[in-house]
Amino acid sequence: MYVCVQSSQTRLLIKNGRIVNDDNMFDGDVYVEDGIIKQVGKDLIVPGGTRTIEAKGKLVIPGGIDPHTHFQFPFMGSKTVDDFYQGTKAALAGGTTMISDGLCGRTKDEPSLVDAYEKWRSWADEKVCCDYGLHVAVTHWSEDVEKDMEILTRDKGVNSFKMFLAYKDSGLMVENEDMLRIMEGCKRLGALAMVHAENGDVIQHVRIVFLDL
């Protein structure tokens, strides 16, 4: 799922910059119309009235993608300070034009993954300043979870799911057998499996035996 935020400037020409792509760098111009790059090259012919930015001596690079953020994220009794407005506003100021936010809205006693997804969308849609997507944390395995993952992938555009192997006794930590089921589910759906790769049992043991917590 990607939400596109259109620019108020419909035509833009960036002239004489050092254009940086994944394979090379070269001096040239970039013409943008309705938020879409239409031409890249030298001495471009563009419509009259196009806004022009002189970029000589500057780098012109693609917008960055931050693949893992947490905005207005409720987590273990706290909440991150930046909401979707402040976080994505700061992202754009730093050249990041796309974020993928981590959704962690379900334990065994909470609503479905689809309900959690819709809740996150309601928080984000009215605030975001840039393009965004969501990846979804899965905390256990069941037939309902499997159905939700299918709906999210098929109908909502979600293409990645995350598993916590830390935070034992919090309702978030995924046991090994469930982790394997979730990974198999991701494979069937063609989705990316992400892992918060710690050992919750070892951490809990250290807390109890060595730290007396």
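Here the structure is a predicted model, which means the values were calculated and not measured.

Engineer: What is the right way to look at helix H3 (residues 143–155) in this model?
Structural biologist: Within an α-helix, residues lying three or four positions from one another point in the same direction, as the helix has 3.6 residues per turn. Compared with the 18 Å implied by 1.5 Å per residue over 13 residues, the 18 Å span of H3 between its first and last C-alpha is a close match. Among all positions in H3, only Val145, Asp148, Met149 and Leu152 are buried. The arc that holds the buried residues of H3, viewed along the axis, is 100 degrees, so those residues lie on one side. Turned more than 90 degrees away from the buried face of H3, the exposed residues are Glu143, Lys147 and Arg154. Those residues of H3 that are buried are in contact with helix H2 (113–124), strand S10 (131–137), strand S11 (160–164) and helix H4 (176–189).

Engineer: I keep staring at the pattern of salt bridges and nothing clicks. Help me out?
Structural biologist: For side chains of opposite charge, pairing can occur when their charged atoms come near one another. Taken as a whole and judged by the stated rule, the model has 10 salt bridges. A salt bridge links Asp29 to Lys15; its shortest N-O distance comes to 3.7 Å. Here Asp29, found in strand S2 (residues 25–33), pairs with Lys15, found in strand S1 (residues 11–20); they are 14 residues apart in sequence, far enough to count as distant. Since its relative accessible area comes to 25%, Lys15 is described here as partly exposed. Close ionic contact of Asp155 with Arg154 constitutes a salt bridge, the shortest N to O distance being 2.9 Å. Classification of Arg154 as exposed rests on a relative accessible area of 53%.

About the thresholds
- Residues numbered from 1 in each chain as written.
- Predicted model: local features only at pLDDT ≥ 70, side-chain atom pairs only at ≥ 80, totals over all residues.
- Heavy atoms only, no water.
- Helix = DSSP H or I, 4+ residues; strand = E, 2+ residues; numbered from the N terminus.
- Expected span 1.5 Å × (residues − 1).
- Buried < 20%, exposed > 50% of the residue type's maximum accessible area, 1.4 Å probe, protein only.
- Arc of directions from axis to C-beta.
- Contact = heavy atoms within 4.5 Å.
- Salt bridge = Lys/Arg side-chain N within 4 Å of Asp/Glu carboxyl O.

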